[in-house]
Amino acid sequence: MHYYRYSNPEVSCWYKYLLFSYNIVFWLAGVAFLAAGLWAWSEKGVLSDLTKVTGLHGLDPVVLVLLVGIVMFTLGFAGCVGALRENICLLKFFCGAIVFIFLLELAVAVMAFLFQDWVRDRVKEFFENNIKSYRDDIDLQNIIDSLQRLNHCCGAQGPEDWDFNIYFNCNSESKSREKCGVPFSCCIPDPAQKVVNTQCGYDIRKKSKNQWDDQIFVKGCIHALEAWLPRNIYIVAGVFIAISLLQIFGIFLARSLISDIEAVKASNAF
């Protein structure tokens, strides 16, 4: 007597198309980040002269945008194609990359908590390097200005940190009009003033420090951020938990689909 198998096991459509939908969002976001980064570089002339990338000693925000775009595009592409084509190699790459990113985030959070003094020193060094390059890159300039305005702060530890920048340095031989001043984002805004006064910080550090309080923010941005974190700890924790849950969900979908594919292949081998 012969027995025939009329129904072949199939990969779960739920896992397959949920993982595809999950990844298509990241893939499209990666495309958007890459497009925005390349457009910003083209506006700054970097695409026609790549040496400008190494000419900036601080952080070029566009590089960060491009790195995020590349990672999201690569993972989204691997997840989408891996799910549709039921490709175990691509799915394992996607799953392994998500696990690595999750563990990296966890390690950074733990290190930041355990070695707060070391982290504070690195943040201070990072701020100072970017202050030096404030006038070298318009994107970096906008980020520093936004940070100072939103947090009502000036410099890393205080307004004196603007001596690190050649244009604002009080002791330099520069003929800059901004010498011994601070950027306009350090100025205390006047509610009655509708137009931003970009010259409000000129020569302010030539005056005595007692006069600074009425015109500029005297608190450093590192202290401002340290004060901001305890006040918003639930928001930060909520964002971290939401990102972690999304990553765990992606790992679960990928591992479930891999198990289904392997089970189908093992069944069809008999």
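Criteria and thresholds
Residues numbered from 1 in each chain as written. Predicted model: local features only at pLDDT ≥ 70, side-chain atom pairs only at ≥ 80, totals over all residues. Heavy atoms only, no water. Helix = DSSP H or I, 4+ residues; strand = E, 2+ residues; numbered from the N terminus. Contact = heavy atoms within 4.5 Å. Axes fitted to C-alpha atoms, helices over the stretch in contact; angles between N-to-C directions. Parallel < 35°, antiparallel > 145°, perpendicular 65-115°, else oblique. Left-handed = near helix turned anticlockwise from the far one by under 90°. Nonpolar A, V, L, I, M, F, W, Y, C, P; charged D, E, K, R; others polar. Disulfide = S-S within 2.5 Å. Buried < 20%, exposed > 50% of the residue type's maximum accessible area, 1.4 Å probe, protein only.

**Let's talk about the environment of Leu253**
Logical step 1: As for its position among the elements, Leu253 is in helix H8 (residues 233-268).
Logical step 2: Excluding residues within four positions of it along the chain, Leu253 makes contact with Tyr15, Leu18, Leu19 and Tyr22.

**Focus on the packing of helix H5 (residues 116-132) against helix H7 (residues 221-231)**
Logical step 1: At a minimum axis distance of 10 Å, the contact between H5 and H7 shows a crossing angle of 135°. Overall, the two elements H5 and H7 adopt an arrangement that is oblique. Viewed along their axes, H5 and H7 form a crossing whose handedness is right-handed. Together, Arg120, Val123, Lys124 and Phe127 of H5 and Cys221, Ile222, Leu225 and Glu226 of H7 make up the contact between the two elements.
Logical step 2: Considering only residue class, the contact of H5 with H7 consists of five nonpolar, no polar and three charged.

**Some words on the state of the cysteines**
Logical step 1: Evaluated as defined, the whole model comprises four disulfides.
Logical step 2: Residue pairing for Cys170: its cysteine sulfur links by disulfide to Cys180, the two sulfurs lying 2.0 Å apart. Taking the sign of the torsion about the S-S bond as the criterion, the disulfide between Cys170 and Cys180, at about 90°, is right-handed. Residue Cys170 is located in the loop between helix H6 (138-151) and H7, and its partner Cys180 is located in the loop between H6 and H7; the two are separated by ten residues in the primary sequence.
Logical step 3: Covalent S-S linkage joins Cys187 and Cys200, the inter-sulfur distance amounting to 2.1 Å. Across the S-S bond of Cys187 and Cys200 the torsion is about 110°, and the bridge reads as right-handed. Of this pair, Cys187 sits in the loop between H6 and H7 while Cys200 sits in the loop between H6 and H7, and the two are 13 residues apart along the sequence.
Logical step 4: Residue Cys187 is classed as buried on the basis of its relative accessible area of 9%.
Logical step 5: For Cys200, a relative accessible area of 23% translates into the label partly exposed.

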